[in-house]
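# Commentary on secondary and tertiary structure
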Amino acid sequence: MGLIRLPPEIVVDDIVLRRPDPEQASAVVEAVNDSLAHLQPWMAWAQRPAVFEATALRLAVAAAAFDAAADAAWTIFDGASGEVIGGCGLHDRIGGGGRDIGYWVRVGWTGGGVATRAAAALTWVGFGALALERIEIRCDATNSRSAAVPRRLGYRCVGTFEGFCGAPSDSGETMVWAVNSNDWPTPEWPGESPLRG
Ligand SMILES: CC(C)(COP(=O)(O)OP(=O)(O)OC[C@H]1O[C@@H](n2cnc3c(N)ncnc32)[C@H](O)[C@@H]1OP(=O)(O)O)[C@@H](O)C(=O)NCCC(=O)NCCS
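Rules of the game
- Sequence order as written defines the numbering, with residues in each chain counted from 1.
- Totals for whole chains, interfaces and linings use every residue, but because this is a predicted model, local features are given only for residues with pLDDT of at least 70 and side-chain atom pairs only at 80 or more, for both listing and counting.
- To obtain the side-chain values, all non-hydrogen atoms of the structure were included, while hydrogens and water were left out.
- Take the buried residues of types Ala, Val, Leu, Ile, Met, Phe, Trp, Tyr and Cys, join any two whose side-chain atoms come within 4.5 Å, and each joined set is a nonpolar core.
- Throughout this description, buried means an accessible area under 20% of the type-specific maximum (1.4 Å probe, protein chains only), exposed means over 50%, and partly exposed covers the range between.
- In this analysis, two residues are considered to be in contact whenever any of their non-hydrogen atoms come within 4.5 Å of each other.
- Between N-to-C directions, angles span 0 to 180 degrees; the directions come from axes that are lines fitted to C-alpha atoms, helices contributing only their stretch in contact.
- Helix and strand labels come from DSSP, where a helix needs a run of H or I of at least four residues and a strand needs a run of E of at least two; each type is numbered from the N terminus.
- Should an angle fall under 35 degrees it is called roughly parallel, over 145 degrees roughly antiparallel, and 65 to 115 degrees roughly perpendicular, with every other angle called oblique.
- A crossing counts as left-handed when the near helix is turned anticlockwise from the far one by less than a right angle, and as right-handed when that turn is clockwise.
- Residues are grouped as follows: nonpolar covers Ala, Val, Leu, Ile, Met, Phe, Trp, Tyr, Cys and Pro; charged covers Asp, Glu, Lys and Arg; every other residue, Gly included, is treated as polar.

### Some details on the nonpolar core
- Formed by 39 residues in total, the largest nonpolar core has its most connected members in Leu-17, Trp-74, Leu-90, Ile-101 and Tyr-155.
- Excluding its chain neighbours within four sequence positions, the residues that come into contact with Tyr-155 are Ile-101, Thr-123, Ile-135, Glu-136, Ile-137, Pro-150, Trp-177, Ala-178, Val-179 and Trp-184.
- Grouped together as the second largest cluster of nonpolar side chains are 13 residues, Val-28, Ala-31, Val-32 and Ala-46 included.

### Looking at the packing of helix α4 (residues 114–127) against helix α5 (residues 144–153)
- With their axes 9 Å apart at the nearest point, α4 and α5 run at an angle of 50 degrees to one another. Comparing the axis directions of α4 and α5 gives the class oblique. α4 and α5 meet at a crossing whose hand is right-handed. In this structure, α4 contributes Ala-115, Thr-116, Ala-119 and Ala-120 to the contact, and α5 contributes Val-149, Arg-152 and Leu-153.
- Here the residues of the contact of α4 with α5 are counted per class, giving 5 nonpolar, 1 polar and 1 charged.

As structure tokens, this is what we get:
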């Protein structure tokens, strides 16, 4: 198999997903710290305010992993203002020819389909560029806003397992939502390709 090249920029309507870059660090710190109260119940990494140095390092590591197609994360921007409005990833954590998608959305930007459109784009990239067989979205069983994302996209809930409590609101039960490549209803992206670069 040749070297897989992940799309460094994906445009979906008015949102833009970009490859991680340490130059995004200040904007990411601001977006995370604005959103701490909404992230803390569910995200283990958001228990303390983000700081510039650690964020820049994390983005540099994510960029290197992205370039090696070892892991794939994107920072989400509002296309009009250029503000950072979230993050998402297609992570190599579940084995068996699959990957799982994660996401968070900046406070003030929820309720507009940012996470759903990002997850749709990553599903499409996963079945296209990465030729994955299966994609999952895992979330705590009580994180109903997160579970609504795969449900909206046509993923099926295939079960739950005893997870671990990494964040204060975690119940310890993890839901697994999955879609297989031959069940994905939109193997072709509707309209013009969203990939740039
Ligand atoms: C989980 C999380 C990303 C969900 O955010 P969200 O705003 O509910 O999800 P979306 O951005 O997809 O928005 C969905 C809403 O936009 C609406 N929407 C508007 N335009 C839309 C579009 N073009 N496509 C899809 N939905 C659209 C949907 O109908 C839905 O409306 P509703 O809130 O009335 O049901 C957010 O709550 C979050 O960041 N939580 C903290 C971090 C977290 O829990 N991450 C997941 C860990 S597993």
